[in-house]
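# Structural overview
Residue strings, one per chain:
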Amino acid sequence: MTGKVKLATTSLAGCFGCHMSFLDLDERILPLLERVTFDRSPLTDVKHASACDVGLIEGGVCNEDNLHVLKEFRDQCRLLVSVGACAINGGLPAQRNQFDVSELLHTVYMAEPGLGRRALPDDVELPRLFDKVRPVHEFVRVDYFLPGCPPPADAFWAFLTALLDGREPTLPRGALRYD
Amino acid sequence: MRTVSELLDAHQRDPTRLLQLLRDVQAASGQWLPPRVLTEVANGLGLPRAHVEGVAGFYAFLHLEPVGRFRVLVSDNITDVFAGSHDTLRAFSERLHVEPGHVRTDGVVSLDRTSCTGLCDQPPAILVNGRAISRVVGERLDAVVACIEAGTPVDRWPEALLHVDEGIRQRGPVLSSRLAPGAALRRVLEQGHDARTKTLEAARLRGRGGAGFPVVTKWETCRTAPGDSVVVCNADEGEPGTFKDRVLLATCADLVVEGMTVAAHCTQATTGFIYLRGEYTFLEGHLRGVLERRRREGLLGQGILGERGFDFDIDLHLGAGAYVCGEETALIESLEGKRGVPRHRPPFPVTNGYLGRPTIVNNVETYADVAVVFANGVEAWSALGTEKSTGSKLLSVAGDVERPGVYEVPWGVTLRDVLALAGGVDARAVQVSGPSGELVAPFEFDRRLCFEDLACAGAIAVFGPRRDLLEVALNFARFFAHESCGFCTPCRVGTHVAARSLSKLQQGRGSSVELTELETLAHLLRDTSHCGLGVMAPNAYRHWLRKFPEDVRRRLSASFEPSFDVEAALMNGRHEGARR
């Protein structure tokens, strides 16, 4: 496997939609696999990254587990790519930023009907929440941003093939989009 | 108190007078603009309600929410900050019992910050209900607090408290001119059109607002463009650190108006405007008086100086706290009663300006210079200065100097000469032409002030040996973020991102990542902004990054760091939330 570029992917506070869009590469994944090998990724079920060339990260940071994963991932990746609306702007999860966290927890778990137990989740294994959902680049250095919700498969393709060919990546018209 | 309806009539129900009308309506209706008043204005002018609210919302001095009976605004200009304006703000906050950005619960007083008030030579300055007050420390601060608590209306405050120094330190041909009203105009009338143009050409006069565009080119283009020409005096002196126009208007208003009238004759204009920044409202009475007197003297109005067909009059318009209105197309939008959003160019105002008419917009000083050129002759004028920058230049010198104030110098003096004149020889840096200008380091102090070398619009802010230039850069960056009109995304967002990156550097959390980001932003803003504000905004920090590398290096952290305390952001969730 030597000579292949090592690629890792992971998701923080995201919906895995960006990963699904990546899979929309369809048959183009085969030629890609001739040039890259996957390290940590939900596609390989490897839980911890080893030293990698490129890391794609989806989702924003909403709790301390996200931060833990992010730091470990950053340390292992030569290039870190922030993928999608949540990683870049906080995205949908950041809609909670307009509310106070504790008020929100009380409203959801104590006040609103539907949850039988009427208690705040307090298991020690649950990661602590951040007061706000923040984008990845507020915590670590990010080398590239791949926008979109999700970025279209063509954007992944254009970006990765450029990197593999040693060109500075630019997105073609149509692949650079924010929706 | 006049009713909205009376004020509508006073402004002839003319939609182009919307901004002036809103200023008057606000003054008459309790210092803010309640929704029903906006509706009444919209109906009265036949404008959409949203348009009226959009205009009212654009200007910092128009309020859509209740404000205090006394509105105290403390200048956030960097030289005011270094002179203690933050302490002044804190003192007001404690003694008047009001948080900055809020209204006291009894509705008597509100407190906030504002951009440069144009009193940089007598800092720290404040505005109370639009009235500029200088040197607000010690006893003068006590006096302001006492007047507010006693409920005394501002125009009845002690004369000494309201007094603004003229602060003229050195006079040249303009400031020492004793021109009798009408004298330059008579010379102009004696000369034919060709001779007039020759005079302007020979004088090689260039605009004093910063860009240095040749006056004769602008005026000739305007004269030959189809339509009734308009002459506009840009007295929206908003560039922080500039106050020479304030002094010119206070001491030589006749000269300025005379220059405008000459311009009207040269461009065959019938309509004139002086656009005075809202911060200089204290000059309004004086200027209206000068205009009225000149009308009586036959120097304005119909048949000026008995010349048939020479009809020209000037209307005074007031701004309402928007820096971007100093940009000529934004200024014209504002004159038309709209939001001060810069226009696309071309077409340029000189062919399509105010209401689509050919319009010249010149700086206050340019008009004064014109009057002096015609009164004293070209030889006297071009004996001063350099080849491409003739005559004199008014400088507003402030900051760490012994003698701050206005200096009229011949173009071509070195910055070192200016520092020696003003007593600032130990300066570690000088900001020339305000935040949108250039930060000049000691190794460049022998550069000459002229269009060939170091162009200067008027502001000279001097920073002494102990001043933190990053604080300066951050102050400027925040200024641009605050003053961005929000029309284009690069400027609206970019100015904020720049301020945030600089703020990280100041907290010691900035790394090379932020430096790269600031560089990228500088290019992005320069290449993609809609107007000069965005193009110039990176000047707030670019020169510092380049000319003071040691300073920059000392501020850098080794690796990327978040701009906030990560643990504290987590604790908040745990403290109030689930975990016990």
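Position numbers for residues count from 1 along each chain, tracking the sequence in the order it is written. Written order decides the labels, with chains lettered from A and ligands numbered from 1. Totals for whole chains, interfaces and linings use every residue, but because this is a predicted model, local features are given only for residues with pLDDT of at least 70 and side-chain atom pairs only at 80 or more, for both listing and counting.

## Topic: the overall build of chain B
Numbering goes from the N terminus for both helices and strands, where a helix is a DSSP run of H or I of at least four residues and a strand is a run of E of at least two. Looking only at helices and strands, chain B has 25 helices and 15 strands in total. Atoms counted for the radius of gyration: C-alpha only. Globule rule: 2.2 Å times the number of residues to the power 0.38. The C-alpha atoms of chain B give 24 Å as radius of gyration, which agrees with the globular expectation for 580 residues (25 Å, within 12%). With C-beta atoms placed from the backbone, a residue is labelled by how many other C-beta atoms lie within 10 Å of its own: buried for 20 or more, exposed for 12 or fewer, partly exposed between the two. Taken over 580 residues, chain B has a buried fraction of 52%. Whether two residues are in contact depends on their C-beta atoms, placed from the backbone: they are in contact if these lie within 7 Å. Counted over contacts in chain B with a minimum sequence separation of 6, partners at least 24 positions apart contribute 71%.

## What about the overall build of chain A?
Across its full length, chain A holds 6 helices and 7 strands. Mapped from its N terminus to its C terminus, chain A presents α and β elements in the order β-α-α-β-β-β-α-β-α-α-β-β-α. When the backbone C-alpha atoms are referred to their principal axes, chain A occupies close to 55 × 35 × 30 Å. Every one of the 179 residues in chain A was classed for burial, and the buried ones make up 38%. Sequence-distant contacts, at least 24 apart, represent 77% of the contacts inside chain A between residues at least 6 apart.

## Regarding the sheet that holds strand 13 (residues 429-432) of chain B
Residues and elements named next belong to chain B. Sheet architecture is open: 6 strands sit in the order 6-12-11-15-13-14, paired in mixed fashion. Both outer strands of the open sheet, strand 6 (168-170) and strand 14 (438-440), are each paired with one neighbouring strand and no more. On average, adjacent strands in this sheet sit at an angle of 30° to one another, irrespective of strand direction. Following DSSP output, two strands are said to pair if at least two bridges run between them. Between the N-to-C directions of two axes lies an angle of 0 to 180 degrees, each axis being a line fitted to C-alpha atoms and, for a helix, fitted only over the stretch in contact.

## A short note on the sheet that holds strand 1 (residues 70-75) of chain B
Residue and element names in this part refer to chain B. Within the open sheet, the 5 strands sit side by side as 2-3-1-4-5. Their pairing is mixed. Lying at the two open borders of the sheet, with one neighbouring strand each, are strand 2 (102-103) and strand 5 (131-133). Here strand 1 runs beside strand 4 (residues 126-128); their pairing, made up of 3 bridges, is antiparallel. Among the inter-strand pairings, Leu 73 is bridged to a residue of strand 4, identified as Leu 127. Sitting on the sheet, helix 6 (residues 85-95) is in contact with strand 1 and strand 3 (109-114), with an inclination near 155° to strand 1.

## Here we look at the nonpolar core
Core analysis: the largest hydrophobic core is formed by 170 residues, its most contacted members being B:Val256, B:Ala473 and B:Ala477. Counting residues per element, this core draws most heavily on helix 19 (residues 469-483) of chain B, at 10 residues. Other than its neighbours up to four places away in sequence, B:Val256 contacts B:Cys233, B:Leu248, B:Leu249, B:Val364, B:Tyr367 and B:Ala368. Within the second largest apolar cluster, 39 residues are counted, among which are A:Ala49, A:Val83, A:Ala87 and A:Leu146. One nonpolar core equals one set of buried Ala, Val, Leu, Ile, Met, Phe, Trp, Tyr and Cys residues connected by C-beta atoms within 7 Å.

## A look at unusual backbone geometry
Residues and elements named next belong to chain B. In this structure, Pro 124 follows Pro 123 across a cis peptide bond, with omega equal to -10°. Relative to the helices and strands, Pro 124 is located in the loop between strand 3 and strand 4. Cis peptide bonds are those with omega within 30 degrees of zero, and the linkage from Arg 345 to Pro 346 qualifies with -10°. For Pro 346, the position within the fold is in the loop between helix 15 (328-335) and strand 10 (359-363). A positive phi is found at His 97, a non-glycine position, where the angle reads about 55°. The phi angle at Asn 129 is positive, at roughly 50°, despite the residue not being glycine. With respect to the helices and strands, Asn 129 occurs in the loop between strand 4 and strand 5.

## Section: the pairing of strand 15 (residues 459-463) of chain B
All names here are of chain B. Most of strand 15 is tucked away, with 5 of its 5 residues classed as buried. What you see with strand 15 is no split at all: Ala 459, Ala 461 and Phe 463 on one side and Ile 460 and Val 462 on the other are buried throughout. Here 4 bridges tie strand 13 to strand 15, and the two strands are oriented antiparallel to one another. Bridge pairing in strand 15 links Val 432 to Ile 460.

## Topic: helix 7 (residues 138-150) of chain B
Under the convention used throughout, the expected extent of a helix is 1.5 Å for every residue step, that is, one less than its residue count. Spanning 13 residues, helix 7 of chain B covers 18 Å between terminal C-alpha atoms, matching the ideal 18 Å at 1.5 Å per step. Looking one or two residues past helix 7 of chain B, B:Gly151 carries a phi angle of roughly 75°, positive in sign.

## Some thoughts on the domain arrangement of chain B
Domain segmentation is taken from an automatic or database assignment of domains. Segmentation of chain B into domains returns domain 1 (4-58), domain 2 (70-165), domain 3 (169-382), domain 4 (392-463) and domain 5 (469-555). Its C-alpha centre places domain 1 of chain B at a distance of 43 Å from the equivalent point of domain 4 of chain B.

## Some words on helix 20 (residues 489-506) of chain B
Residue and element names in this part refer to chain B. Look at helix 20: 25 Å from first C-alpha to last across 18 residues, which is about the 26 Å you get at 1.5 Å a residue. Regarding helix 20, the residues found buried are Pro 490, Cys 491, Gly 494, Thr 495, Ala 498, Ala 499, Ser 501, Leu 502, Lys 504 and Leu 505. Looking at the buried residues of helix 20, the elements they touch are helix 19, helix 21 (512-528), helix 22 (532-536), helix 23 (539-547) and helix 24 (549-555). Among the residues trailing helix 20, Gly 508 stands out with phi positive, at a value near 75°.

## Observations regarding the packing of helix 2 (residues 18-28) of chain B against helix 3 (residues 35-45) of chain B
Helix packing geometry: the angle between the two helix axes and the distance between the axes. Residue and element names in this part refer to chain B. Running from N to C, helix 2 and helix 3 point in directions that differ by 145°, and their axes come no closer than 12 Å. Seen along the crossing, helix 2 lies across helix 3 with a hand that is right-handed. For the pair helix 2 and helix 3, the contacting residues are Leu 18, Leu 21, Leu 22 and Val 25 in the first and Val 37, Val 41 and Leu 45 in the second. In this count, Pro and Cys sit with the nonpolar residues alongside Ala, Val, Leu, Ile, Met, Phe, Trp and Tyr, while Asp, Glu, Lys and Arg are called charged and the others, Gly among them, polar. When the residues that make up the contact of helix 2 with helix 3 are grouped by side-chain class, the tally is 7 nonpolar, no polar and no charged. What makes a crossing left-handed is the near helix being turned counterclockwise from the far one by less than a right angle; a clockwise turn instead makes it right-handed.

## Considerations on the environment of B:Leu300
Residues and elements named next belong to chain B. Considering the arrangement of structural elements, one finds Leu 300 in the loop between helix 14 (284-296) and strand 9 (313-318). What makes Leu 300 buried here is the crowd of 22 C-beta atoms within 10 Å. For Leu 300 and Arg 131, which are 169 residues apart along the polypeptide, the C-alpha to C-alpha distance reads 29 Å. Those residues in contact with Leu 300 that sit more than four places away from it in its chain are Thr 261, Leu 291, Arg 294, Arg 295, Phe 312, Asp 313 and Ile 314.

## Re the confidence of the model for chain B
pLDDT runs from 0 to 100 and stands for how confident the predictor is about each residue. Averaged over every residue, the pLDDT of chain B is 95; residues scoring 70 or more account for 98%. Below pLDDT 50 for its whole length, residues 573-580 of chain B participates in 20 contacts with residues either more than four positions away or in separate chains.

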